[in-house]
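Remarks on the overall topology
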Amino acid sequence: MKKIAVMTSGGDAPGMNAAIRAVVRYAVRNDIQVLGIQRGYAGLLDEDFIEMDFSSVGGIMEKGGTILRSSRCPEFVRKETRQEAAKILAKHGVEGLIVIGGEGSLHGAMFLEEEQKVPVVGIPGTIDNDIAMTDMSIGVDTCLNTVVDAIQKLKDTASSHERAFIVEVMGRSSGYIATVAGLVTGAEAIVIPEIPVNYEALGNKILKERERGKINCIVVVAEGAASAYTVARHLEHRIGYETRITILGHIQRGGSPTAFDRLLASRMGVAAVEFLKRGNSYVMTALQGGKIVPVKLDEVLKQKKSLNMELVELTALLS
Ligand code: ADP
């Protein structure tokens, strides 16, 4: 294998740069040239490429976002577009492609190999932790730490003014961020897509906590379950005191990656090149029981990652 390409696609996640760095450096050490594709699948179609070498990825590990930038490219769902992409890669002598991104991006990669025979390896990079068959995706840990830091600050002001804070966090289909953040900040309650919300019970729980003498109250809401405004409207008349709403939004995507994400990204980046080198493509790098292993892309993408309900029970038990 003489030449590979790497791209980041879809929603960006902290740690993607550490993965790019590992891909480039491990490839270079193995005498494999690396083409950086800028702006994901859109950049691939525009031939927006840069040659990458050992020093082009210096000083990027600690940076959030992605130096290769990212994009959404709706036309990539069409077979003809992917055929065009495969031709472009062949024209540039690319023998394998590494795609760092979420579920959508991994679908694009899967079809590229299935139909167009481009050898691909996916690296899961998304803050949602909604990719199956891997214990963690790159970016999740950093996002969690950002959310925990924000909730901790809100708790200070919540205690001072005796208010209830409704905090809306990322998670369109997964309550993972809300659950873990709620658990480790001692939030009163979580509202997640996996469990239908019972406002009556939620209101009663908050009132009981108050009777017990607790003066701050935090409810963590995953965006996919309800909006913070809806939760606040349902709760205010039940608990009889003021609520304040905080929507953390895009700050959850940013920031310098945590040590965990840097390490995960570095290990996955190296593994991705190694898999391609060994002809073990059509896989995603996955963290399973502490090891980085290859898992088939089609198997990953036909599954939905389910939330570990023990975490939800633990949250209820300890708050
Ligand atoms: P993420 O990778 O973070 O889940 P998206 O779902 O927006 O982000 O997907 C990123 C890009 O991946 C899309 O803009 C599109 O180019 C490509 N993609 C998404 N879904 C598919 C699909 N079903 N088939 C082919 N390409 C897809």
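Residues numbered from 1 in each chain as written. Predicted model: local features only at pLDDT ≥ 70, side-chain atom pairs only at ≥ 80, totals over all residues.

The name given to the protein chain in an unreviewed UniProt entry is ATP-dependent 6-phosphofructokinase, and the organism recorded there is Thermosipho africanus. Turning to the protein chain, the UniProt record has this under Sequence similarities (unreviewed entry): "Belongs to the phosphofructokinase type A (PFKA) family. ATP-dependent PFK group I subfamily. Prokaryotic clade 'B1' sub-subfamily." Turning to the protein chain, the UniProt annotation filed under Function (unreviewed entry) states: "Catalyzes the phosphorylation of D-fructose 6-phosphate to fructose 1,6-bisphosphate by ATP, the first committing step of glycolysis." (UniProt positions renumbered as here; feature names shortened; annotations may be inferred.)

Once that is clear, we can look at the sheet that holds strand 10 (residues 283–288). Ordered in space as 3-2-1-4-5-10-11, the 7 strands form an open sheet in which the pairing is mixed. Because the sheet does not close on itself, it has two edges, and the strands there are strand 3 (49–52) and strand 11 (291–296). Neighbour to neighbour, the strand axes of the sheet diverge by 30° on average, direction disregarded. Pairing of strand 5 (residues 120–124) with strand 10 involves 2 bridges; the strand directions are parallel. Counted as the bridge partner of Val-121 is Val-283 from strand 10. Sitting on the sheet, helix 9 (residues 259–277) is in contact with strand 1 (3–9), strand 4 (96–101), strand 5, strand 10 and strand 11, with an inclination near 170° to strand 5. (Pairing = 2+ DSSP bridges. Helix = DSSP H or I, 4+ residues; strand = E, 2+ residues; numbered from the N terminus. Axes fitted to C-alpha atoms, helices over the stretch in contact; angles between N-to-C directions. Contact = placed C-beta atoms within 7 Å.)

Turning our attention to unusual backbone geometry. Positive phi outside glycine occurs at Arg-39, with the angle close to 60°. Structurally, Arg-39 is set in the loop between strand 2 (33–37) and helix 2 (40–45). Residue Arg-69 is not a glycine yet carries a positive backbone phi of 60°. Topologically, Arg-69 is positioned in the loop between strand 3 and helix 3 (79–91).

For the rest of this paragraph, the subject is the nonpolar core. Ranked by size, the top nonpolar core spans 94 residues in total, and within it Ala-19, Val-23, Leu-97, Ile-177, Val-219, Val-220 and Val-221 carry the most contacts. Shared between two domains, this core holds at least three residues of each, these being domain 1 (1–137 + 256–300) and domain 2 (140–252). The residues contacting Val-220, other than those within four sequence positions of it, are Ile-151, Val-167, Val-169, Ala-178, Ala-181, Gly-182, Ala-187 and Ile-190. (Core = buried A, V, L, I, M, F, W, Y, C linked by C-beta atoms within 7 Å. Buried ≥ 20, exposed ≤ 12 C-beta atoms within 10 Å, placed from the backbone. Domains from an automatic or database assignment.)

As a further point, take the pairing of strand 2. In the sheet, strand 1 pairs with strand 2 via 5 bridges, with the strands oriented parallel. Its bridge partner being in strand 2, Val-6 is matched across the sheet by Gly-36. Handedness of the crossover joining strand 1 and strand 2 through helix 1 (residues 16–29): right-handed. Sheet topology places strand 2 next to strand 3; 4 bridges connect them, and they run antiparallel. Bridge pairing in strand 3 links Ile-37 to Phe-49. (Right-handed = clockwise from strand over helix to strand, strands pointing away.)

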